[in-house]
Amino acid sequence: MIDLHTHTTCSDGTDTPHYLINKALSEGISVLALTDHDTTSGWQAAIDALRPGLDLVLGAEISCLTNDGLSVHMLGLLFDGTNQPMQEALENTRDGRIPRMHKMIELLREAGYKITFADVESVVPEGATLGRPHLADALVKAGIVKSRDEAFLDLLNNNSPFYVSHLAPTPVEAIKLIRAAGGVAVIAHPFATHRGEILASEDFLPMKEAGLNGIEVDHRDQTMQERDQLRKIAAELNLVMTGSSDYHGTGKLNALGENLTDPAQWAHLESMANERRVVRK
Ligand code: AMP
Ligand code: ZN
Ligand code: FE
Ligand code: FE
């Protein structure tokens, strides 16, 4: 059972890397990718917690912004964690998330929602990449909404008047960074229409030309029809197809292993990294 997209307390998940590794082992996952938003800070804790029976794939989900202002997520797997340009780019994005959070809070306050930056800080795990789910947690704590999901329904989704984007590389820039660091690039949930506006079919060719390796097809935020369209694009451009849970702990309904990647697809994807970087004990 191969699950190539998960989050921990190093970004907006609720399980620590240690807990996630234990959970993956006990649930029979054979290959697990750790893909926190814009950070590699959980890698060492995951390596330390690893035991025989699980292959660990270290990665990150890189936030991207297209030239048209569209939010896109790029999974980088198996890249060299010491690569300087990559670490600098991730740090820039994390830094940009702080003024963005201030702006979203300002807009919410102008509309009468009594929430402060300190409220958000009080719910963010130490060192975690700051994100909207933390703002959601603060809104829950303040009694304004009942859950993260409810917070995204009206207040925090990409189409809401309170949504603010943050600085981030373009998808093509992110792909180039990942490949230059020796890793493989898989575009995450590209047709998740319920989250907001999505890429057009013709946007995949420039990404392929930049070195894109795969497309996340089986993901709960994509309908069967959207997945069929993605399978067609993947076949045309000779891209690997993945399936994954995008597990966030108790922060989302997504269950670990609810969508999986075919072993042959994974073998092909792994073979395109410049070194054999899967961690095993
Ligand atoms: P951010 O990186 O701060 O823009 O927040 C993105 C994260 O918010 C995603 O990784 C999800 O965990 C969560 N998220 C985004 N859109 C939704 C949505 N419509 N419903 C629930 N959670 C969402
Ligand atoms: Zn997330
Ligand atoms: Fe994502
Ligand atoms: Fe994700």
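With respect to the element layout, D12 can be found in the loop between strand 1 (2–3) and helix 1 (17–26). The exposure class assigned to D12 is buried, which follows from its relative accessible area of 7%. Counting along the chain gives 219 residues from D12 to R231, while the straight-line C-alpha distance between them is 29 Å. Setting aside residues no more than four positions away along its own chain, D12 makes contact with H7, H37, P133, H134, R148 and H248. Separated by 3.1 Å, the side chains of D12 and H248 make a polar contact.

With that settled, the discussion passes to the sheet that holds strand 1. With respect to topology, seven strands assemble into an open sheet ordered 1-2-3-4-5-6-7, the strand pairing being mixed. Across the chains shown, the open sheet's two edge strands, defined by having one partner strand only, are strand 1 and strand 7 (240–243). Pairing of strand 5 (residues 184–188) with strand 6 (residues 214–218) involves two bridges; the strand directions are parallel. Among the inter-strand pairings, I187 is bridged to a residue of strand 6, identified as I215. Contacts from helix 7 (residues 171–180) reach strand 3 (55–65), strand 4 (71–77) and strand 5 within the one sheet, and its direction differs from that of strand 4 by about 10 degrees.

Every other side chain in a regular strand lies on the same face of the sheet, so the side chains alternate between the two faces. With four of five residues buried, strand 6 lies mostly within the body of the structure. Read as a crossover between parallel neighbours, the route from strand 5 over helix 8 (residues 204–210) to strand 6 is right-handed. Here four bridges tie strand 6 to strand 7, and the two strands are oriented parallel to one another. Across the sheet, I215 pairs through a bridge with M241, a residue of strand 7. As for the winding sense of the linkage, the β-α-β connection from strand 6 through helix 9 (residues 224–237) to strand 7 is right-handed.

Here we come to unusual backbone geometry. A positive phi angle is found at L78, which is not glycine, with a value near 60 degrees. Relative to the helices and strands, L78 is located in the loop between strand 4 and helix 3 (84–110). Residue class for L78 comes out buried when judged on its relative accessible area of 1%. A positive phi angle, near 55 degrees, is found at N238, a position not held by glycine. Given the relative accessible area of 57%, N238 is considered exposed.

Counted according to the given criterion, the structure contains zero disulfides. Cysteine C10 shares no disulfide, and the gap to the nearest cysteine sulfur, in C64, comes to 20 Å. Given a relative accessible area of 12%, C10 falls into the buried group.

Right, let's get into the coordination of the iron ion (ligand 4). Only H5 (NE2), H7 (NE2), E61 (OE) and D246 (OD) from the protein coordinate the iron ion (ligand 4), and they sit 2.1 to 2.2 Å from it. Here the iron ion (ligand 4) is ringed by four donor atoms whose angles at the metal span 76 to 162 degrees, and the overall shape comes out irregular. Sequence spacing among the residues donating to the iron ion (ligand 4) works out to H-x1-H-x53-E-x184-D. In this structure, the iron ion (ligand 4) lies 4.5 Å away from the zinc ion (ligand 2). On the criterion of sequence distance, the pair formed by H5 in the loop between strand 1 and helix 1 and E61 in strand 3 is long-range, its members being 56 residues apart.

So, on to the environment of L167. Secondary-structure assignment places L167 in the loop between helix 6 (148–156) and helix 7. The exposed category is assigned to L167, whose relative accessible area is 68%.

Calculation criteria
- Residues numbered from 1 in each chain as written.
- Chains lettered and ligands numbered in written order.
- Predicted model: local features only at pLDDT ≥ 70, side-chain atom pairs only at ≥ 80, totals over all residues.
- Heavy atoms only, no water.
- Helix = DSSP H or I, 4+ residues; strand = E, 2+ residues; numbered from the N terminus.
- Buried < 20%, exposed > 50% of the residue type's maximum accessible area, 1.4 Å probe, protein only.
- Contact = heavy atoms within 4.5 Å.
- Polar contact = N/O pair within 3.5 Å; in protein donor to acceptor, adjacent residues only side chain to side chain.
- Pairing = 2+ DSSP bridges.
- Axes fitted to C-alpha atoms, helices over the stretch in contact; angles between N-to-C directions.
- Right-handed = clockwise from strand over helix to strand, strands pointing away.
- Disulfide = S-S within 2.5 Å.
- Donors = N, O, S within 2.8 Å, 3.2 Å for Na, K, Ca; no water.
- Tetrahedral: all angles 85-135°; square planar, octahedral: opposite > 155°, others 65-115°.

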